[in-house]
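# Report on the structure
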Amino acid sequence: QVYLVESGGGLVKPGDSLRLSCAASGITFEGYAMGWFRQAPGKEREFVAAITRRSLNIYYADSVKGRFTVSRDNAKNTVYLQMNGLEPEDTAVYSCAATLAVDDSDWYHRVPVYKYWGQGTQVTVSS
């Protein structure tokens, strides 16, 4: 059974930081690139960041570039999303996902390339 379990979400104030974690089990973690997506109520799921198997390629949505950092620890089967300078528009359910896409794929921002998904963790940014 494949599990991707996100943690680290919560309620924070504008300008604060959070570090999300996604722990994977049931897959050969180092064989998968990992992505982060978010979805706010009434909105489509939005790509946030992706990181390839050995962290050689990293991708960010323009909306988070310079504020968020994605990383992974293959020994711990865990991918992280460090979120700094959070703003209310970052409020969403954040989900991690796993894909077998090649490192130089042009499609990491597309939902269909991801085979496995976590249930998500809520991030709320409010004053």
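What this report covers is the structure whose coordinates are included nearby. Note that the structure is predicted; figures quoted are calculated from it, not measured. (Residues numbered from 1 in each chain as written. Predicted model: local features only at pLDDT ≥ 70, side-chain atom pairs only at ≥ 80, totals over all residues. Heavy atoms only, no water.)

Moving on to the sheet that holds strand β8 (residues 78-83). The strand order β1-β3-β8-β7 describes an open sheet built from 4 strands, whose pairing is antiparallel. Whereas interior strands pair on both sides, the edge strands pair on one side only; in this sheet they are β1 (3-7) and β7 (68-73). The average angle at which neighbouring strand axes cross in this sheet is 15 degrees, direction not considered. In this sheet, β8 lies alongside β7 in antiparallel orientation, the contact comprising 6 bridges. Across the sheet, residue Ser 71 finds its bridge partner in β8, namely Tyr 80. (Pairing = 2+ DSSP bridges. Helix = DSSP H or I, 4+ residues; strand = E, 2+ residues; numbered from the N terminus. Axes fitted to C-alpha atoms, helices over the stretch in contact; angles between N-to-C directions.)

Inspection of every chain in the model, using the stated rule, returns 6 salt bridges. Residue Asp 103 pairs with Arg 54 through a salt bridge whose shortest N-O separation is 3.7 Å. Of this pair, Asp 103 sits in the loop between β9 (92-99) and β10 (116-117) while Arg 54 sits in the loop between β5 (46-51) and β6 (58-60); the two residues are 49 residues apart in sequence, bridging distant segments of the chain. On the basis of relative accessible area, Asp 103 is assigned to the buried category, the value being 13%. Put simply, Arg 67 and Asp 90 hold a salt bridge, and the shortest N to O gap is 2.7 Å. (Salt bridge = Lys/Arg side-chain N within 4 Å of Asp/Glu carboxyl O. Buried < 20%, exposed > 50% of the residue type's maximum accessible area, 1.4 Å probe, protein only.)

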